[in-house]
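The residues making up each chain are set out below.
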Amino acid sequence: LSTESIKIGYDENAKFDETEIKVESGDKILLFTNGVSNCLKKIEKQSVYDKVQSIAKGSANVPVKELVDKLFNEMLYSSKDKQISEDTTILGIGIL
């Protein structure tokens, strides 16, 4: 990617771990930004990982869009004024 302008959220010195996992037909992958994590932390004392795990287990047989919707609704539930105050992104991927 060639550009003269600043890259938002880019750090040349950032280090990331790499992991390979095998996915199979029917698997679902959820990717989300820290805005989602921060909202979910406000709900209960349950960890964000445990909360997302709970949502995912309860949504094993539904389309990935419904899983994303459930996670988004949990975020809304966590907000007193039913508005999200942080930038958030949720990406759901369903493996065919």
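See above for the structure.
Reading the values: the criteria
- Residues numbered from 1 in each chain as written.
- Predicted model: local features only at pLDDT ≥ 70, side-chain atom pairs only at ≥ 80, totals over all residues.
- Heavy atoms only, no water.
- Helix = DSSP H or I, 4+ residues; strand = E, 2+ residues; numbered from the N terminus.
- Buried < 20%, exposed > 50% of the residue type's maximum accessible area, 1.4 Å probe, protein only.
- Contact = heavy atoms within 4.5 Å.
- Areas by Shrake-Rupley, 256 points an atom, 1.4 Å probe, with all protein chains shown as cover.
- Arc of directions from axis to C-beta.
- Salt bridge = Lys/Arg side-chain N within 4 Å of Asp/Glu carboxyl O.
- Patch = residues over 30% accessible without salt bridge, like charges linked within 9 Å, V, L, I, M, F, W, Y side chains within 5 Å.

> Would you take a moment to explain the overall build of the protein chain for this structure?
When its secondary structure is counted, the protein chain shows three helices and two strands. Beginning at the N terminus, the succession of helices and strands in the protein chain can be written as β-α-α-α-β. Across the 96 residues of the protein chain, 19% fall into the buried class. Taking the intrachain contacts of the protein chain between residues at least 6 apart in sequence as the baseline, contacts between residues at least 24 apart amount to 67%. In the form shown here, the protein chain has an accessible surface area of approximately 8,000 Å², with 51% of it arising from carbon and sulfur atoms.

> Looking at this model, I keep getting lost on helix α2 (residues 48–57). Mind explaining?
At 3.6 residues per turn, the α-helix brings residues three or four places apart onto the same side. Among the residues making up α2, those that are buried are Val48, Lys51, Val52 and Ile55. Viewed end-on, α2 has its buried residues packed into an arc of 95°, placing them on one side of the element. For α2, the exposed residues set more than 90 degrees away from the buried face come down to Tyr49 and Lys57. Each element contacted by the buried residues of α2 is listed here: β1 (28–32), α1 (34–41) and α3 (64–78).

> Can you help me understand the pattern of salt bridges in this one?
Here the idea is simple: oppositely charged side chains can pair when their charged atoms come close. All chains considered together, the criterion is met by two salt bridges. Two residues, lysine 51 and glutamate 74, come together in a salt bridge whose shortest N-O distance is 3.5 Å. Remark: glutamate 74 occurs in helix α3 and lysine 51 occurs in helix α2; sequence separation between them is 23 residues. The class for glutamate 74 is partly exposed, based on a relative accessible area of 21%. Lysine 65 serves as the salt-bridge partner of aspartate 69, at 2.9 Å between the closest nitrogen and oxygen. Taken together, the residues aspartate 69 and lysine 65, both in helix α3 and four residues apart, mark about one turn of the helix. The exposure class assigned to aspartate 69 is partly exposed, which follows from its relative accessible area of 32%.

> Explain a nonpolar patch on the surface to me, please; I cannot follow it from the model alone.
On the surface, Leu31, Leu91 and Ile93 cluster together to form a nonpolar patch covering roughly 240 Å² of accessible area. Among the structural elements, leucine 91 can be located in strand β2 (residues 90–94).

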